[in-house]
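# Breakdown of the fold
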Amino acid sequence: MNSGQDGSPTSDSDINTRTSWVDATVAYKQIKKGKAFGNTCALWLRGNLQEKLYFLGCFIQRHCGKILILGLILLASCCLGLKMATMETRVEKLWVEEGGRLEKELEHSKSVLGEGSQSSSEIIIQTPGIEGTNILSRQSLLTHLDAVMTASKVSVKVDGITWKLKEVCSSFNFPSMEDSLTSTILPKLLPCVIVSPLDCFWEGSKVLGPDVPVYVPSPLGDMNLKWTSLDPQKLVRDFKLAFPFMDDIDYIQDILTRAGITDAYQSKSCLNPMDPECPSTAPNKGSRQIPDIGAVLTNGCAGFAKEYMQWPEKMIVGGVSKNQTGYITRAKALQSIVQLMGAKELHEMFKDDYKVISLDSWTQEKAQNVIETWQRKFVETVSKVEGNKSENINAFSVISLTDILEQFSEISVVRVALGYVLMLVYACISLMKWSDSVNSQSGIGIAGVILVALSVAAGLGLCCAFGIKFNASTTQIIPFLALGLGVDDMFLLAHTFAEFASQGGIPFPEQTGEALRRTGVTILLTSITNACAFHMAAIIPIPALRAFSHQAGILIMFNCFTILVIFPAIISLDLIRRENQMVDVFCCFTGSTNRVISLQRPSSGESHESEDSRDSPPPYSLPRDVSPPPYTSNPGALPHQTITRTEGDDVVTVLASGQSESPVSRNASLTSVSAISLPPSLNSSRHRLTRSNGATCRQNCRDVRRECCNLSVSWFARTVYGPNLQKTPAKILVICLFGILLGTSIWGTTKVKNGLDLTDVVPKNTNEYEFLDAQSKYFGFYYMYIVTKDADYPENQKNLFNLHKAFSKVKKILKREDGTFFTDSWLHLFRTWLYGIQSTFDKDWKTGAVFEDGWHDNATDEAILGYKLLVQTGDIDNPINKKQVTTTRLVDSDSHINYKAFYNYLTAWVSHDALAYTASQANIHPLPKEFNTGIREPSLQIPKSQPIVYAQIPFYLSDMVDTEEITEAITHIRSICDMYTDKGMESYPSGVPFTFWEQYINLRFFLMLALICVLGVTFFVITITLMNPWAAFVVVTVLAMTVVELFGFMGHVGIKLSAVPAVILIVSVGIGVEFTVHITVGFLTSIGSRNKRMMISLDHMFSPVLHGAVSTLLGVTMLLGADYEFIVKYFFNVLSVLVVLGVFNGLVLLPVLLSIIGPPGEVIPKDNPDRLPTPTPEPSPRLLRPSRGRSHSRRIYPRVPSDISLSTITEEPTQYSSHEIIFEPEVTVETRTIPASSSSGNHFTTSHHKNNTSSSSSLPTHHVTTVKAKATVTVEVHTPHNLPGSILDHQGNKSKRRKNNLDQSSDSDGSNKS
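The structure contained in this document is the topic of the report that follows. Model, not experiment: these values are computed from the prediction.

On to the overall build of the protein. Counting its secondary structure elements, the protein contains 43 helices and 26 strands. Taken across its 1314 residues, the protein has 55% of its residues classed as buried. Of the accessible surface of the protein, which amounts to about 55100 Å², a share of 57% is contributed by carbon and sulfur atoms.

Here we come to the side chain of Gln-952. Along the polypeptide, Gln-952 turns up in strand 20 (residues 951-957). According to the relative accessible area criterion, Gln-952 is buried, its value standing at 8%. A distance of 3.1 Å separates a polar atom in the side chain of Gln-952 from the backbone oxygen of Gln-921. Excluding residues within four positions of it along the chain, Gln-952 makes contact with Tyr-785, Ile-786, Val-787, Trp-826, Ser-920, Gln-921, Ala-922 and Asn-923.

This part is about the environment of Leu-834. Mapped onto the fold, Leu-834 is located in helix 31 (residues 826-847). Assessed through its relative accessible area of 0%, Leu-834 is described here as buried. With 63 residues separating them along the chain, Leu-834 and Ile-897 place their C-alpha atoms 8.3 Å apart. If we ignore the near neighbours within four places in the chain, the residues touching Leu-834 are Leu-869, Leu-890, Val-891, Ile-897 and Tyr-905.

Read from one edge of the open sheet, 3 strands run 20-17-21, paired in antiparallel fashion. Every interior strand has two partners, whereas the edge strands, strand 20 and strand 21 (987-990), have only one. On average, each strand axis in the sheet is tilted by 25° relative to the strand beside it, whichever way the strands run. Here strand 17 (residues 782-788) pairs with strand 20 via 7 bridges, running antiparallel. Counted as the bridge partner of Tyr-785 is Pro-954 from strand 20. Relative to the sheet, helix 35 (residues 963-982) contacts strand 17 and strand 21, its axis offset from that of strand 21 by approximately 155°.

The subject of this paragraph is empty space enclosed by the protein. Tallied over the full model, the rule gives 17 cavities of 30 Å³ or more. Size it by volume and the largest cavity reaches roughly 350 Å³. Taken together, 21 residues make up the lining of the largest cavity; nearest its centre are Val-91, Trp-95, Leu-405, Leu-756 and Phe-996. Taken together, the residues that form the lining of the largest cavity break down as 16 nonpolar, 4 polar and 1 charged. In this structure, the second largest cavity spans a volume of roughly 220 Å³. In terms of lining, the second largest cavity is formed by 17 residues, of which the most central are Leu-186, Leu-189, Pro-232, Leu-235 and Leu-256. Those elements that place two or more of their residues in the lining of the second largest cavity are helix 9 (180-189), helix 11 (232-242) and helix 12 (249-259). Looking at side-chain class alone, the lining of the second largest cavity contains 17 nonpolar, no polar and no charged residues.

Our next topic: the pairing of strand 4 (residues 161-164). Side-chain alternation along strand 4 places Ile-161 and Trp-163 on a buried face and Thr-162 and Lys-164 on a face that remains uncovered. The pairing of strand 3 (residues 155-158) with strand 4 spans 4 bridges and is classified as antiparallel. Considered in strand 4, the bridge of Val-158 is made with Ile-161. Between the end of strand 3 and the start of strand 4, which pair antiparallel, lie 2 residues, with Asp-159 showing a positive phi angle near 55°.

Rules and cut-offs
- Residues numbered from 1 in each chain as written.
- Predicted model: local features only at pLDDT ≥ 70, side-chain atom pairs only at ≥ 80, totals over all residues.
- Heavy atoms only, no water.
- Helix = DSSP H or I, 4+ residues; strand = E, 2+ residues; numbered from the N terminus.
- Buried < 20%, exposed > 50% of the residue type's maximum accessible area, 1.4 Å probe, protein only.
- Areas by Shrake-Rupley, 256 points an atom, 1.4 Å probe, with all protein chains shown as cover.
- Polar contact = N/O pair within 3.5 Å; in protein donor to acceptor, adjacent residues only side chain to side chain.
- Contact = heavy atoms within 4.5 Å.
- Pairing = 2+ DSSP bridges.
- Axes fitted to C-alpha atoms, helices over the stretch in contact; angles between N-to-C directions.
- 1 Å grid on protein atoms, 1.4 Å probe; cavity = no way out; pocket = protein on both sides within 12 Å on 5 of 7 lines; lining within 4 Å.
- Points joined across faces, edges and corners; volume = space filled by probe spheres on them.
- Nonpolar A, V, L, I, M, F, W, Y, C, P; charged D, E, K, R; others polar.

Structural data, given as structure tokens:
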């Protein structure tokens, strides 16, 4: 096998051993001629693709400047789409299944409640600074009091308006009454809803305020009311005495009693009994003893409304240890929660208020801005509270998590830029030829990386124009994935051009076309496979995964276009640089290279071609100061190429590789002589043709340096890696090692758990990280609602009660010791209120205060209201029926509210028991009608509310820490809802756990579905393109192994399966395609045994695949500098291992599998299994040469390949006329030195043995080497056919014309052999 300067096989070897890679059409024709057999369908398809790519490459080379400019303009135009980029950080828009039930449920809630209707929780968690310290101390609770007090005093200024907590917090509503007492005093006294362990003590009243005491004038003495001294029931009694004429005082007292608002905090123990404000009614005021904090906190606390505000123990105290009697003895954390209203509620509350009159408009967006500004100020202010040195106070808000997700989703320009710079440096170094500055490719590498980066930006711009939003997965993965895949193809194309440069023989105008002919099909195959696979992965109904899949597919096709159209234009410009002997990168400087001069006589065809190519001279033409060697008539003497150069004080002449011929140029060349045919004494031409002087130390150092510079990845694959991998022990070792790796990975897959720790998403040593860590350790508390909709509530009261009761079986829902819930359903509170009204009515009925036609003045307000409710019929046309007062009950014996008047009763309940309705958190929609008519007014009509389409029941969830337990609870809750939906009570759960964690229920199913689709599409595309299911199966098997190994790695290192690792698992198939398809195609297109084809594939594909992998790994390395541990843990670690696994599977396992069970080659010769017979030359017309002045409009018809080798003699079919010219095989090398007066620089000198004296006399000092060779040659003579544009001599008779043609063909063949 002949070798180029770097030792790579020459194109003469390629056309015989890699025929379908070089030109599938030639292989296809050889099969049709009966010289071989193989996969004709695949060859026909690739041949047609290669032909189109060849003409595309030639066109690009002719117009490289124009194409480069137009391509850059196109990419820059697409980059403008980045201005429309939008970032999606909302969890419900990223990880909620599109078209799934959760999305439909969220859409239903949003459509009914409106945007911004959900309230939010601002949380304060206090933990000990030293792990294991008991936080149940008076000082710790007083520190917690300072933190909550600080939060209650937070105020912000937005648009010149100051907003305090009281104006943005959620609070209880009080029934609207006409009396001035309730309309002026009570709204000022009703505090914000604050859940806190401080509610177990009198100090909890300090948090409720109000900031300014409420002034109440009274005959008994003016009062300044604050919750620290307020006794609500005593206040009502005092008002009875001071204002006996008030009609509503009894009604108010009854409302307070039902809510459990008695003496508020006046009977609770004081943490600091020495506090002057500590009331005398406090149990420990007189004793001055500190209360047993653990005992007081046991079983939770109650707010000022004991019936409606009960805080479970697990809600306010975390990390609890109890004694045998069940009392808390130790705790590790305290938690307080401040409830804020939603933006919609805030907007409606102040839309007609004087507070916002100064604004141009008061919109819901401005209300949302007010809330978010307050939330940020809350976190900032509370986090600065200085407690004990041994305690930590951490505040957290919903907006904090939103801000973190937005920061996490942002593209780090610095990291991406540094990653790309590393890729640039690596591409520059890996493609640099240290000993040859002209043929070096560093500039191509730099330009390629920059071009691919521009292509990535353009592709993302197009995605933005299509409306595809960015998210954390796309911003953190896409830049490196797309660049890595694009750089892989760039290295493959650059490597092919490097082979051309080392081999020579391809005409200058055809080099780009020839490169695309060989590599374009493989690039198309990998790109189409990846694009189809990623787009098919979009069947997963997860929006974030769909966005990623579509963006990846679009970017891959952009990269394909860039590599196949724009990058060849850059390489064409680089060819001009090489031709002009300019230094790589620094192209303003002229360099030198080892130039090769072919000692052969140009044929007549070549002389014509040289005229055509004068505008673009071939890359290896003779210097002007060197005369071409004279032609010899001896057909047996075949001169070899030599390279003569000066190295220090020595003149070194090297026997160069044979001039390769291009299958595109259609010129038969016989200058390539196999090195195997040389005598052993001439195998090392360098040693035979250098000076015979003894080598000095300096010369030895120079030789070592030269050999080191010639080392490369291809050299390693060809001389070290490939030969060793062919050995049977090496194969057995590889199979065993990968078998162990696969088994370990399968075991690791069983250890992978679902979930995503929020502590991984935020930077360490921050307030947010400390909060999330403490919250997950000690609380895991969440609100949950069961939403019922579109049900016939009057008829389904039993189902609604049973639905609420069924959730007592869910372990994660907080319950009292007796099994009842801490929160009652709205229907239960509604029914309880009606029971009280019915009971009061019955009492007044017995006393005669109420009768069938009305009531007397001594009737109570509740009895009168009961009368008005009982006369309601529920019929709009006949709403009142007094006769049914004695026959109807508000709640029947079966505990069912009167069906017919259900919605009339609902109106009255919401209006007259607003505290209970607010506590129920029912959020009924449509909103019930208002009933503000005075109770004692004679009007009997109560408006009927509209049928309920939305209502909710609240629950408390705790210990929601482990993803498996959370998903188990979600599944249990879902099953209960589904069961009652089938019974007619349609319901669904709502809350943070369902929005965040429900995705994990079906995540593995969707991941498996996506992987099957991606692998299936990969198999289909490879099968269709290569027409080889066998090869496709081997590739898909290796890809599946890569996925399993990566999944197993995640299990071993503790990386949980979430949406991000799921995306990377899908990405692994795309990256694996780049590592496997190139090797497989190289194996299929080679000729010989499996071992030989594996060796040839590694020789040509090992270097570009490895360079692409290393460049991708270098880009990913920049993720190490991220502030978020999540990026390092889930992106860098997983992507790095993915690249490493891809390299080992693609460059180690796959070659071994191919050498053992690989599919047969696309072309299998019939005679010689290792080499295709020499392709028969096709008819070659004589071209009509246009005038010199119109050379730009000439028509050039490509010549058919003429691939003749001196090492192969074949027996041709009988229809071809041929004769043999046989000479004894002989190689003679003569060296002679002619002295001269001066010489400098490197001179390239050649001569023939008969004319060396005359030819050298006119040249400077040189080293003359004469090489003669004799071989056996088969000469085939063919009659050319008429082709358009050709001129044949039609004069004379038929025999004369045949004789002339025979002489012409023989003459041409003889010139080629010379």
